[in-house]
Amino acid sequence: MSGGILSVLWQAVRGVFYLALYVLLISGTDFVLFNLAWCFIYLGFLLFLPLGTPLVVQLVLGFVTGISLDLVFDTGGVHAVAAVLLMYLRPWVLRLLTPRDGYDTQDSVNIHQMGWQWMVVYLVLLTAIHHTAFFLLELGSMRFVGLTLAKIVLSTLYTALALLIIQLVFYPTKRRQR
């Protein structure tokens, strides 16, 4: 039982860290590339959740994460909608990318266990889904489609690269012992 409580507490600390890092450091203009690419680093909290996390918990975490950012930045629900969509589609993408041996539900998404190719496809696909929803909702019309597509593509690559670096630096190389 204490392992479950410690795991939940660890995920909560990770979530607060990702949100604080994004709000306090990365959301400023210093990390925006040419006013076209934004790094939504808080997605790391959502994308790196354990594989066995129930869908309802994922949806609630996506909503709480998104609405927290919407309250801070006064964005009217755009972060919440994009984060909930991301969390709704995450299990489908995980099923699409299931390795031959399957997943261990205790594990979280980890580049050292899943491999480079799996991780790159996973990150690019899910960040592209999130960014497409986010930027299309932010745009509100089809007026500047070219600029919006550039924002989607460049922000997806920027965020995916940042999350890959986080995986390489901060996530353990060995599988946990049970």
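Residues numbered from 1 in each chain as written. Predicted model: local features only at pLDDT ≥ 70, side-chain atom pairs only at ≥ 80, totals over all residues. Heavy atoms only, no water.

Some remarks on the side chain of Lys151
Turning to step 1, where the next piece is worked out: Checked against the element boundaries, Lys151 lands in helix H7 (residues 145–170).
Turning to step 2, where the next piece is worked out: Within the buried core, Lys151 has no salt-bridge partner, and the shortest N-O distance to an opposite charge, that of Glu138, equals 4.3 Å.
Turning to step 3, where the next piece is worked out: Beyond its immediate chain neighbours, meaning those up to four positions away, Lys151 contacts Asn35, Leu36, Trp38, Phe135, Glu138 and Thr156. (Helix = DSSP H or I, 4+ residues; strand = E, 2+ residues; numbered from the N terminus. Buried < 20%, exposed > 50% of the residue type's maximum accessible area, 1.4 Å probe, protein only. Lys, Arg positive; Asp, Glu negative; His and termini not counted. Salt bridge = Lys/Arg side-chain N within 4 Å of Asp/Glu carboxyl O. Contact = heavy atoms within 4.5 Å.)

Some thoughts on the UniProt feature "transmembrane region" (unreviewed entry) in the chain
Turning to step 1, where the next piece is worked out: In the numbering adopted here, UniProt assigns the feature "transmembrane region" (unreviewed entry) to residues 12–33, 40–64, 76–97, 118–137 and 149–171.
Turning to step 2, where the next piece is worked out: Secondary structure across residues 40–64 divides into 60% helix and 0% strand, with the first and last C-alpha atoms of the span separated by 16 Å.
Turning to step 3, where the next piece is worked out: Note that residues 76–97 is 86% helix and 0% strand, and that its end C-alpha atoms are spaced 33 Å apart. (UniProt positions renumbered as here; feature names shortened; annotations may be inferred.)

Observations regarding the packing of helix H3 (residues 55–73) against helix H4 (residues 78–96)
Turning to step 1, where the next piece is worked out: It is the contact of H3 with H4, at a shortest axis distance of 7 Å, that shows an interaxial angle of 160 degrees. What the angle tells us is that H3 and H4 run roughly antiparallel. Between H3 and H4 lies a crossing whose hand is right-handed. In contact with Leu55, Gln58, Leu59, Gly62, Phe63, Gly66, Ile67, Leu69, Asp70 and Phe73 of H3, H4 contributes Val78, His79, Ala80, Ala83, Val84, Met87, Tyr88, Arg90 and Pro91. (Axes fitted to C-alpha atoms, helices over the stretch in contact; angles between N-to-C directions. Parallel < 35°, antiparallel > 145°, perpendicular 65-115°, else oblique. Left-handed = near helix turned anticlockwise from the far one by under 90°.)

Quick look at a nonpolar patch on the surface
Turning to step 1, where the next piece is worked out: Together, Trp116, Val120, Val124, Leu161, Ile165, Leu168, Val169 and Phe170 make up an exposed nonpolar region whose accessible area comes to about 770 Å².
Turning to step 2, where the next piece is worked out: Of all elements in the fold, only helix H6 (116–139) and H7 reach the threshold of two or more residues within the nonpolar patch.
Turning to step 3, where the next piece is worked out: With 5 residues, H7 is the single largest residue contributor to the nonpolar patch.
Turning to step 4, where the next piece is worked out: Following the sequence through the fold, Val124 ends up in helix H6. (Patch = residues over 30% accessible without salt bridge, like charges linked within 9 Å, V, L, I, M, F, W, Y side chains within 5 Å. Areas by Shrake-Rupley, 256 points an atom, 1.4 Å probe, with all protein chains shown as cover.)

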